[in-house]
Amino acid sequence: MPEQVDFRFQFSTSSPYLPLLKYLSPKNKTLEFPRQKMIIWAIAAFWHPIACRWLGGFSESDLKSKARISIYQLQQQIIYLAQTFNLEQELENHLIVANSIDKVDTHLVSSPTHEDDDCLLENAFN
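Source: prediction; values computed, not measured. Along each chain, residues carry numbers from 1 onward, in the same order as the chain's sequence is written. With the structure being a predicted model, the display of local features is reserved for residues of pLDDT at least 70 and the display and counting of side-chain atom pairs for 80 or more, all residues being used for whole-chain, interface and lining totals. As a rule here, side-chain values cover all heavy atoms of the structure and leave hydrogens and water aside.

Caption draft 1: Seen up close, the packing of helix α2 (residues 35-55) against helix α3 (residues 60-84). Only the stretch in contact is used when a helix axis is fitted, and all axes are lines through C-alpha atoms; the angle between N-to-C directions ranges over 0 to 180 degrees. Numbering of helices and strands starts at the N terminus; helices are DSSP runs of H or I of at least 4 residues and strands are runs of E of at least 2. With their axes 9 Å apart at the nearest point, α2 and α3 run at an angle of 165° to one another. In this view, α2 runs roughly antiparallel relative to α3, as classed from their interaxial angle. Where α2 crosses over α3, the two elements pack in a sense that is left-handed. On the side of α2, the interface is formed by Trp41, Ala42, Ala44, Ala45, Phe46, His48, Pro49, Cys52 and Arg53, while α3 contributes Leu63, Lys66, Ala67, Ser70, Gln73, Leu74 and Gln77. Its residues assigned to classes, the contact of α2 with α3 comprises 10 nonpolar, 4 polar and 2 charged. For this classification, under 35 degrees means roughly parallel, over 145 means roughly antiparallel, 65 to 115 means roughly perpendicular, and everything else is oblique. A clockwise turn of the near helix away from the far one marks a right-handed crossing, whereas an anticlockwise turn of less than a right angle marks a left-handed crossing. Residues count as neighbours in contact if any of their non-hydrogen atoms are within 4.5 Å of one another. Gly counts as polar in this scheme, as do all residues outside two lists: the nonpolar Ala, Val, Leu, Ile, Met, Phe, Trp, Tyr, Cys and Pro, and the charged Asp, Glu, Lys and Arg.

In structure tokens, the structure reads:
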């Protein structure tokens, strides 16, 4: 069994992010996706290539590939938010996302290239 890494968040009860923590709490049984996946998707979509650059040991080509994947994942998250809140028209008007907004990828941000990626912190949430 792989070694586990504990990762915790704590916020003040006056934090503007308190609704987020309540939403992601194990007490919420109505999440759209598995809680651990939601957390890692949100973190990894932006920070993964930066963390890999910081860690070292990746070629410039690998880092650029990871950055491209992250950009795609962030675009998918933007599309998901637009669809969830009926903002597709605004998204089209502002041309925020270069890809079509017909349908968001149902895996949101998962990518086969991340399955074996040593740098991705997904195992920390299993």
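Caption draft 2: Structural view of unusual backbone geometry. At Asn86, a position not held by glycine, the phi torsion is positive, near 50°. Among the secondary structure elements, Asn86 is positioned in the loop between α3 and α4 (88-94). Partly exposed describes any residue whose relative accessible area lies between the buried limit of under 20% and the exposed limit of over 50%, with all areas from a 1.4 Å probe on protein chains only and scaled to the type maximum. Judged by its relative accessible area of 64%, Asn86 is exposed.

Caption draft 3: Highlighting the pattern of salt bridges. For salt bridges, the criterion is a side-chain nitrogen of Lys or Arg within 4 Å of an Asp or Glu carboxyl oxygen. Evaluated as defined, the whole model comprises 1 salt bridge. Between Arg8 and Asp6 there is a salt bridge, and its shortest N-O distance comes to 2.7 Å. Given the relative accessible area of 67%, Arg8 is considered exposed.

Caption draft 4: View of α2. For a helix, the expected span equals 1.5 Å multiplied by the residue count minus one. Between its first and last C-alpha atoms α2 spans 26 Å; for 21 residues at 1.5 Å apiece the expected length is 30 Å, and the helix comes up short by more than 12%. The angle separating two fitted axes, one through the seven residues that finish at a residue and one through the seven that start at it, defines the bend at that residue. Most pronounced at Trp47, the bend in α2 amounts to some 60°, and the proline Pro49 follows within four residues. Every buried residue belonging to α2 is among Met38, Ile39, Ile40, Trp41, Ala44, Ala45, His48, Pro49 and Cys52, and all of these are buried. Where the residues of α2 are buried, they touch α1 (18-24) and α3. A positive phi of about 85° marks Gly56, the residue just after α2.

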